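Residues per chain are reported as follows:
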Amino acid sequence: MKEATSRILEQIKIVIFIYMIICAVQMFSLHTPLVDLLAATAVSFTLVVLAIVAKNFVKHPDLPGFAWATVISFILTLPISPLSDFIVSTVGKFNFTLVGLPLLAFAGISVGEQLGVLKKLSWKIVVISFFVMASTYWGSALISQIIMTMNHTI
């Protein structure tokens, strides 16, 4: 129990740092009002903390943190949830394109710290990664093209 609590607190420290970056970017680049930003941060942070706690205490199914965040957010924003309108309208103040920037930076840092592991992997992982990313891009572009053509947007 003490070990799980320690892990949770360590993860929350990282999340707080990420939210500080997100808030700074939102305030200075988009001029988001501070009141809206604090409310969106509080609601989003609460969802993340719930996901961290679930990840560390729920053993079956053994899901990663992002999956718990997705499941919890999905359930709480279902139309039948009494919190749905509040969560959607409050968190909607975030520009999620900018929210992704610090997350990608931390992902890069975590990969950079594991270069030894990446060196042990075969060169084939680079080829596979390229095809996965290219397929995702072209698949998304194709779906967008079809939908936009059907809607007469293009």
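Above this text you will find the structure in question.
Predicted, not measured: the structure shown is a model, and the values here were computed from it.

Caption draft 1: Structural view of the overall build of the protein chain. The helix and strand tally for the protein chain stands at seven helices and zero strands. Sequence-ordered secondary structure for the protein chain, helices as α and strands as β, is α-α-α-α-α-α-α. Here the protein chain, with 154 residues, has 21% of them falling under the buried criterion. Within the protein chain, residue pairs in contact and separated by at least 24 positions form 66% of the contacts whose partners lie at least 6 positions apart.

Caption draft 2: Expanded view of the nonpolar core. By size, the foremost hydrophobic cluster in this structure holds 19 residues, and its most contacted members are Tyr-19, Ile-22, Ile-52, Ile-72, Ile-87, Val-91 and Phe-94. Where this core is concerned, the elements lending two or more residues are α1 (2-30), α2 (34-57), α3 (65-76) and α4 (84-91). Sequence-distant contacts of Val-91, defined by excluding residues within four places in its chain, comprise Ala-40, Val-43, Ser-44 and Phe-96.

Caption draft 3: How the structure looks around the packing of α2 against α3. Packing of α2 against α3 brings their axes to within 8 Å, and their N-to-C directions diverge by 125°. The angle between α2 and α3 falls in the class oblique. Classified by chirality, the crossing of α3 by α2 is right-handed. Contacts from Leu-47, Leu-50, Ala-51, Ala-54 and Lys-55 of α2 reach α3 at Gly-65, Trp-68, Ala-69, Ile-72, Ser-73 and Leu-76. For the contact of α2 with α3, the residue count by class is eight nonpolar, two polar and one charged.

Caption draft 4: Representation of the side chain of Asn-56. Within the secondary structure, Asn-56 sits in helix α2. Judged by relative accessible area, which is 5%, Asn-56 ranks as buried.

Caption draft 5: Highlighting the packing of aromatic side chains. Scanning the model with the defined rule gives three aromatic pairs in all. Relative to Phe-45, the ring of Tyr-19 lies with its centre 5.8 Å away and its plane at 85°, an arrangement referred to as edge-to-face. Residue Tyr-19 is located in helix α1, and its partner Phe-45 is located in helix α2; the two are separated by 26 residues in the primary sequence. Taking the relative accessible area as the measure of exposure, Tyr-19 reaches 9% and is therefore buried. When the ring of Phe-130 is compared with that of Phe-131, the centres are 5.7 Å apart and the planes differ by 70°; the resulting orientation is edge-to-face. You can call Phe-130 exposed: its relative accessible area is 53%.

Reading the values: the criteria
Residues numbered from 1 in each chain as written. Predicted model: local features only at pLDDT ≥ 70, side-chain atom pairs only at ≥ 80, totals over all residues. Heavy atoms only, no water. Helix = DSSP H or I, 4+ residues; strand = E, 2+ residues; numbered from the N terminus. Buried < 20%, exposed > 50% of the residue type's maximum accessible area, 1.4 Å probe, protein only. Contact = heavy atoms within 4.5 Å. Core = buried A, V, L, I, M, F, W, Y, C linked by side-chain atoms within 4.5 Å. Axes fitted to C-alpha atoms, helices over the stretch in contact; angles between N-to-C directions. Parallel < 35°, antiparallel > 145°, perpendicular 65-115°, else oblique. Left-handed = near helix turned anticlockwise from the far one by under 90°. Nonpolar A, V, L, I, M, F, W, Y, C, P; charged D, E, K, R; others polar. Phe/Tyr/Trp six-rings, centres within 6.5 Å; stacked < 30°, edge-to-face > 60°.

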